[in-house]
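Chain by chain, the residues run as shown.
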Amino acid sequence: MPLSEHEQRMLEQMERALYAEDPKFATALEGSGLRTYTRRRVYQAVAGFLVGIALLMAGMIAPWIWLSVVGFLVMLACAVLAVTGWRKAPKRGEQPAAAGHGPRQRRSMMNRIEERWQRRRDEQQGGGH
């Protein structure tokens, strides 16, 4: 079910206001720094994973089992972050288009929002019955 005209207008107004208020943030939402952001997130997750290994080892050496458990949980959380960040990262040839190319780029963002909305509604209808 597509968005109504009123909803589309409201989203477009919100989008224009976002571009006017904080164009850098709007650009990040559109995906033009997404590759850098996800790469940084993966690197942070790898560093956190190494910290988790250190905690795990320290818990094994020291008489504190809880430290090993915390280390394992940190490793698990960082592994999940790294994998999800890696999957979301655009591939080398897929560099997203830069923002600010007029209504065509904004319309593309609106299409993505509509598609996500539709997917959520379909999932709710399919999973709820």
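Residues numbered from 1 in each chain as written. Predicted model: local features only at pLDDT ≥ 70, side-chain atom pairs only at ≥ 80, totals over all residues. Heavy atoms only, no water.

## A look at the overall build of the protein chain
1) Next: For the protein chain, the count of helices and strands is five helices and zero strands.
2) Next: Relative to its full complement of 129 residues, the protein chain shows a buried share of 21%.
3) Next: Long-range pairs, those at least 24 residues apart, make up 63% of the contacts in the protein chain between residues at least 6 apart in sequence.
4) Next: Surface accessibility of the protein chain: about 9800 Å² in total, with carbon and sulfur atoms responsible for 63%. (Helix = DSSP H or I, 4+ residues; strand = E, 2+ residues; numbered from the N terminus. Buried < 20%, exposed > 50% of the residue type's maximum accessible area, 1.4 Å probe, protein only. Contact = heavy atoms within 4.5 Å. Areas by Shrake-Rupley, 256 points an atom, 1.4 Å probe, with all protein chains shown as cover.)

## Points about the confidence of the model for the protein chain
1) Next: Of the residues in the protein chain, 71% reach a pLDDT of 70 or more, and the chain-wide mean stands at 76.
2) Next: Confidence, read as mean pLDDT per element, is least for helix H2 (residues 23-30) in the protein chain (68) and greatest for helix H4 (residues 65-88) (87). (pLDDT = per-residue confidence, 0-100.)

## Considerations on a nonpolar patch on the surface
1) Next: Residues Ile65, Val69, Phe72, Leu73, Leu76 and Val80 make up a contiguous nonpolar surface patch of about 580 Å² in total accessible area.
2) Next: Residue position: Ile65 is located in helix H4. (Patch = residues over 30% accessible without salt bridge, like charges linked within 9 Å, V, L, I, M, F, W, Y side chains within 5 Å. Salt bridge = Lys/Arg side-chain N within 4 Å of Asp/Glu carboxyl O.)

## A closer look at the side chain of Ser68
1) Next: Tracing the sequence through the fold places Ser68 in helix H4.
2) Next: Taking the relative accessible area as the measure of exposure, Ser68 reaches 10% and is therefore buried.
3) Next: With residues up to four places along the chain from it excluded, the contact list for Ser68 reads Leu55, Leu56, Gly59 and Met60.

## Topic: the environment of Ile113
1) Next: Within the secondary structure, Ile113 sits in helix H5 (residues 103-128).
2) Next: Judged by relative accessible area, which is 30%, Ile113 ranks as partly exposed.
3) Next: Expressed as a C-alpha distance, the spacing of Ile113 and Leu11, which sit 102 residues apart in the sequence, is 9.3 Å.

## Concerning the environment of Leu81
1) Next: Within the fold, Leu81 resides in helix H4.
2) Next: Residue Leu81 is classed as partly exposed on the basis of its relative accessible area of 35%.
3) Next: Along the backbone, Leu81 and Tyr43 are 38 residues apart, and their C-alpha atoms lie at a distance of 10.0 Å.
4) Next: The residues touching Leu81, leaving out its near neighbours within four places in the chain, are Arg41 and Ala45.

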